[in-house]
Amino acid sequence: MKIVVTGTGYVGLVTGVCLAELGHTVHCLDTNEEKIKMLNNGLSPVFEPGIDELIKENSEQKRLNFTSNYVEAYRDADVIFIAVETPELPNGSADLNILFKAAEQIAENIQGNCLIVIKSTVPIGTADKLNSFIEDKLRYNVTFEIASNPEFLSQGTAINDTLYAKRLILGVESDKAEGTLREIYKKIKSPILVTNRRSAEMIKYASNDFLALKISFVNDIANLCEIVGADIDDVTKGMSFDDRIGNKFLNAGIGYGGSCFPKDTKSLHWLAYQHGYELRTVKAAIEVNELQKTKLISKARKQFPSFKGIRVSILGVTFKPGTDDLREAPSIDNIKILVEEGALLTVFDPVGMEKFKNYFPQVNYATSVEESLRDAEACFIFTEWDMFKEIKPEKFLSLMSQANVYDGRNCFSVLDMRRNGVNYISIGR
Ligand code: UDX
């Protein structure tokens, strides 16, 4: 079976690499020749633990190939996974231009019967639209089917999330398509739900939006905890004993970022609106998140009505630990405010600095936590990297000129920090 994966972003590359790891022959396709060149040299264009080793191993075994030649790739493909990006348009809807461009190239080049599988997160009904679109543009007399097979991987744990998937959602219209996908995934021992394409598309949005909602709910409660004198960490711990609530995605902080939650909440809200329905819960999650992102800086105003000329240490810029991704990272909103006010920033992040330099070339960069903290009058923590969680109060006290620590990810015990003399402000505690 010849498998082509179109798009070598997070989802596409991880899908391609993992399918090769499962024993398939996979051709990863991207029209960006720079990316293909990098991959052919064994370098991953995305930071993801474990991916470099798998690229190397599977390329050596000739199971994994990288190409920008879509004519060659599609010609005799049996299965084509589309994993191109579907970015957010200014009105919140998903931009499907790249997806339809890929579909056009597929329609013009497939010369045998094939299954086209949508992995990208797409608005409900897209598979149906793509079906008619490809049918209209087919150049050869072939049969094809579109399936929806959404991806649930998280950055930082993407390889494991794929190879040991918690679920496989197969949105198909025929037993044949179901059979092909079951065959492809036969080595993955996880529950499989077979459904129609629209439900499969909805499962992806509903899952992401539910998690976003959970985070916004906890952040809302955290803000109330501050007002009424409760502690959000204890509150969520207490809640989590109820297995109907669970213990995951209950961490209060400065809001969710990344390439999925912000985009997928807005996209589903927009889709509902287009159908004349208002998704009020999702709207609330979006609004709470927007306000939450700069919550910490508002709290710091008590001590620093203005940050002009203030030496500020920034620890963590990525949208979460385990990735170098800065898309929609709450750090950006905060740092923008600090820079505009004239704060003197020294930024440190263990992996996100290279990308961060494109956003803020004008600030200082440190090569260690210590260098960032030295002589600072305030420290903001925007990402909960493990190495930050290990910082002892003494370090803040000895290195900073004033130990004002604003922690957007609740990395430390309030008691420990305050008992040791750190002016420690966190979220919901
Ligand atoms: C998410 C989904 O988890 C994944 O299933 C989907 O396929 C893609 O989107 P990802 O964006 O990689 O994955 O990151 P995730 O770990 O979900 O975190 C998203 C954001 O939520 C981060 O900014 C993180 O800091 C924040 N978050 C997460 C919280 O603020 N609190 C939590 O308790 C959990």
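What counts and how
Residues numbered from 1 in each chain as written. Predicted model: local features only at pLDDT ≥ 70, side-chain atom pairs only at ≥ 80, totals over all residues. Heavy atoms only, no water. Helix = DSSP H or I, 4+ residues; strand = E, 2+ residues; numbered from the N terminus. Rg over C-alpha atoms; globule rule 2.2 N^0.38 Å. Buried < 20%, exposed > 50% of the residue type's maximum accessible area, 1.4 Å probe, protein only. Areas by Shrake-Rupley, 256 points an atom, 1.4 Å probe, with all protein chains shown as cover. Near = heavy atom within 4 Å. Polar contact = N/O pair within 3.5 Å; in protein donor to acceptor, adjacent residues only side chain to side chain. Nonpolar A, V, L, I, M, F, W, Y, C, P; charged D, E, K, R; others polar. UniProt positions renumbered as here; feature names shortened; annotations may be inferred. Salt bridge = Lys/Arg side-chain N within 4 Å of Asp/Glu carboxyl O. Patch = residues over 30% accessible without salt bridge, like charges linked within 9 Å, V, L, I, M, F, W, Y side chains within 5 Å.

**Remarks on the overall build of the protein**
Thought 1: When helices and strands are counted, the protein shows 19 helices and 14 strands.
Thought 2: Relative to the compact-globule value of 22 Å for 429 residues, the protein shows a C-alpha radius of gyration of 24 Å, a close match.
Thought 3: Seen through its C-alpha atoms, the protein measures out along the principal axes to roughly 75 × 45 × 40 Å.
Thought 4: The buried share of the protein, taken over its 429 residues, is 54%.
Thought 5: Total accessible area on the protein stands at roughly 19,500 Å², and carbon and sulfur atoms take up 51% of it.

**As for the site of the ligand**
Thought 1: Taken together, the neighbourhood of the ligand is formed by 18 residues, with Leu153, Gln155, Asn251, Gly257 and Phe319 sitting nearest.
Thought 2: Here Phe319 contributes a backbone N or O atom positioned 2.8 Å from an oxygen atom of the ligand.
Thought 3: The separation between an oxygen atom of the ligand and a polar side-chain atom of Lys320 is 3.0 Å.
Thought 4: Computed on the free molecule, the ligand has an accessible area of 670 Å², of which 91% lies beneath the protein chains in the complex.
Thought 5: Counting residues per element, the shell around the ligand draws most heavily on helix α9 (residues 197-228), which supplies three residues.
Thought 6: The class makeup of the residues in the shell around the ligand is nine nonpolar, five polar and four charged.

**Thoughts on the UniProt feature "domain: UDP-glucose/GDP-mannose dehydrogenase C-terminal" (unreviewed entry) in the protein**
Thought 1: Following the UniProt record, the feature "domain: UDP-glucose/GDP-mannose dehydrogenase C-terminal" (unreviewed entry) maps to residues 313-414 here.
Thought 2: Between the end C-alpha atoms of residues 313-414 the distance is 19 Å, and the span holds 35% helix and 18% strand.

**Here's the deal with the pattern of salt bridges**
Thought 1: A complete count under the given rule lists 30 salt bridges for this structure.
Thought 2: Salt-bridge contacts for Glu34 lead to Lys37; the nearest nitrogen and oxygen are separated by 3.7 Å. In this pair, Glu34 and Lys37 are both assigned in helix α2 (residues 33-40), three residues apart and thus about one turn of the helix distant. For the residue pair Glu34 and Lys37, the accessibility class agrees, reading exposed in each case.
Thought 3: Lys186 is the partner of Glu183 in a salt bridge, and the nearest nitrogen-oxygen pair spans 2.8 Å.
Thought 4: Here Glu183 falls in the partly exposed class, since its relative accessible area comes to 38%.
Thought 5: With a relative accessible area of 49%, Lys186 lands in the partly exposed category.

**Focus: the environment of Glu226**
Thought 1: In this fold, Glu226 is placed in helix α9.
Thought 2: Classification of Glu226 as partly exposed rests on a relative accessible area of 26%.
Thought 3: For Glu226 and Gly428, which are 202 residues apart along the polypeptide, the C-alpha to C-alpha distance reads 5.0 Å.
Thought 4: At 3.2 Å, the side chain of Glu226 forms a polar contact with the side chain of Lys295.

**What about a nonpolar patch on the surface?**
Thought 1: Side chains of Leu224, Ile227 and Val228 sit close together on the surface and give an oily, nonpolar patch of about 330 Å² of accessible area.
Thought 2: With respect to the element layout, Val228 can be found in helix α9.

**Concerning the side chain of Thr86**
Thought 1: Structurally, Thr86 is set in the loop between β4 (79-82) and α5 (97-109).
Thought 2: A relative accessible area of 4% means that Thr86 is categorised as buried.
Thought 3: At 2.9 Å, the side chain of Thr86 and the backbone oxygen of Thr121 are in polar contact.
Thought 4: A polar side-chain atom of Thr86 sits 3.4 Å from a polar atom in the side chain of Lys263.

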